[in-house]
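Residues per chain, in single letters:
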Amino acid sequence: MVTSGPGTTERLRGLTDPGVLTSLFVCLLLGAYLLLSSTTAPIGGLWLYDAKRLMQFGLLAVLFLAALMDRNLRSEIAKTLGAVPRWVKILLLAVLAWGTLSSIVNAGSFYHGMNSLSEVALFTTLVLAVFVVAACRRIAGSRFDYLALAVISLTGLAVGIQELLGVLAAKSMGQEFTYRSSLLYFGHPRFYNQLQSWMVPVLTAIPLLFSRNLLVYSICLVVLGLQWYIIVMTGARGSFLSIIVALGLVAALIPGLRKPILIWQSAGLILGALIYTLVLVSFEYPAVQDEPGSELRPPEKMQNDGRGFYGNENDKTSSFFAQSLGRPMASGSGRLWMWRIAGQNLAAEPLLGIGPMNYACTSPEPISHPHNFLLQLAAEWGLAVSAAILMLALY
């Protein structure tokens, strides 16, 4: 016999509430974008970066329309906005106004001007989306957490398997590995590494939220292992350090989570290192020829291009190692060069900057961004905007 208590009745009643359903739809919509944009190229014929920006505008438009359709959700959004201090609202409006002015003043062409304004518009909608998502979480409660974590886990699993199979396929076809050819559905592998910086710590919540059984434990371990494998495979030093710092802060601020964090992240790191080792061994070339007279194609020699791109420097090491852990970990990987350019731009235009999206659209230098968020804001939007964002982040 199956019995149902008050908790079951309350959960069932909640799922019939339009506000709860709309909130869960918003969560599912965001999750679907995360999954599809990470594993496919949904808009063919467009540059990946432009395609994702178009999808983001469409996604946010649907998100706002869905949120405005429900009265309870509208009320919750208003309450969330009302809880924000007045000076924060004024500062955000000032940032948006400043960015708009910078876009207009620095528009060297219609194309650049439209891209600059689209950057400001996207920043605006993302800020508003934060309040919408927060309101949805308040209404849907733990259901929102379950759905969000499930989609994040599915995305991590899909990307991890996809990358592992891709590397092995390249090996089987005799192609040399370069980390820049991995994670093809991102403009650059580092963009996914940035996503991992918050995804990996969050994945620890899988066994904490869901039922504790072998299946849940296995999913958590596999997803974490694949994510740590990608971090090692791409030699993502910044992501590694940021994740360690984030986990340390969580352990310090929430003592009850120290043990599960240590256990699961350590297990994931060990599994990721094991996967990496197995792939590395498969990439190593044999020392002797298998058949008399046969020739083995040695790995292609790729030297440092001056901006941090490293490949093989001898025939004894596979490019898989040279492009991952074999990369000089103490080097700036071209960042110092980018920071110097951004610093020069900031010194030349400290007030309004050189205009949002300048590096990606019209800059004569071959960089899309200087790998430093605050420095990019200062150089493109102006020093005041960078200081304002830093103030908001510290708040």
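Scroll up for the structure.
Residues numbered from 1 in each chain as written. Predicted model: local features only at pLDDT ≥ 70, side-chain atom pairs only at ≥ 80, totals over all residues. Heavy atoms only, no water.

Draft legend 1. Expanded view of the overall build of the protein chain. Of regular secondary structure, the protein chain possesses 17 helices and zero strands. Here the protein chain holds 395 residues, and 42% of them are scored as buried. For the protein chain, the proportion of contacts with a sequence separation of at least 24, taken over those separated by at least 6, is 75%. (Helix = DSSP H or I, 4+ residues; strand = E, 2+ residues; numbered from the N terminus. Buried < 20%, exposed > 50% of the residue type's maximum accessible area, 1.4 Å probe, protein only. Contact = heavy atoms within 4.5 Å.)

Draft legend 2. Local environment of the layout of surface pockets. Approximately 270 Å³ is the volume found for the second largest pocket. Each residue belonging to the lining of the second largest pocket can be placed in one class, and the counts come to six nonpolar, six polar and two charged. (1 Å grid on protein atoms, 1.4 Å probe; cavity = no way out; pocket = protein on both sides within 12 Å on 5 of 7 lines; lining within 4 Å. Points joined across faces, edges and corners; volume = space filled by probe spheres on them. Nonpolar A, V, L, I, M, F, W, Y, C, P; charged D, E, K, R; others polar.)

Draft legend 3. Quick look at the pattern of salt bridges. Considering all chains together, one arrives at three salt bridges under this definition. The partner of Arg-138 in a salt bridge is Glu-76, with the nearest N and O atoms 3.3 Å apart. With Arg-138 in helix H6 (residues 110-140) and Glu-76 in helix H4 (residues 71-82), the pair connects residues that are 62 residues apart, well separated along the chain. Looking at Glu-76, the relative accessible area reads 16%, which means it is buried. For Arg-137, the salt bridge goes to Asp-145, with nearest N and O atoms at 2.8 Å. (Salt bridge = Lys/Arg side-chain N within 4 Å of Asp/Glu carboxyl O.)

Draft legend 4. Molecular detail of the state of the cysteines. Scanning all chains against the criterion turns up zero disulfides. Just so you know, Cys-27 is unpaired, no disulfide at all, and the nearest cysteine sulfur is the one on Cys-136, 8.6 Å from it. (Disulfide = S-S within 2.5 Å.)

Draft legend 5. Up close: the nonpolar core. Among the nonpolar cores identified, the biggest contains 37 residues, and Val-167, Tyr-192, Tyr-229 and Phe-320 are the most heavily contacted of them. Among the elements that make up this core, the one with the highest residue count is helix H10 (residues 214-233) (eleven residues). Among the nonpolar cores identified, the runner-up in size contains 17 residues, and Leu-60, Ala-67, Cys-136 and Phe-144 belong to it. (Core = buried A, V, L, I, M, F, W, Y, C linked by side-chain atoms within 4.5 Å.)

Draft legend 6. Molecular detail of a nonpolar patch on the surface. The grouping of Ile-104, Phe-110, Met-114 and Leu-117 at the surface amounts to a nonpolar patch, some 440 Å² of accessible area in total. Along the chain, the position of Met-114 falls in helix H6. (Patch = residues over 30% accessible without salt bridge, like charges linked within 9 Å, V, L, I, M, F, W, Y side chains within 5 Å. Areas by Shrake-Rupley, 256 points an atom, 1.4 Å probe, with all protein chains shown as cover.)

Draft legend 7. The arrangement of helix H5 (residues 86-105) in detail. For H5, spanning 20 residues, the distance from its first C-alpha to its last is 29 Å, which sits close to the expected 28 Å at 1.5 Å a residue. Within H5 the residues assigned to the buried category are Val-88, Leu-91, Leu-92, Val-95, Leu-96, Gly-99, Ser-102 and Ser-103. In a view along the axis of H5, the buried residues occupy a sector of 135 degrees, so they form one face of it. Set apart from the buried face of H5 by more than 90 degrees, the exposed residues are Arg-86, Leu-93, Ile-104 and Val-105. (Expected span 1.5 Å × (residues − 1). Arc of directions from axis to C-beta.)

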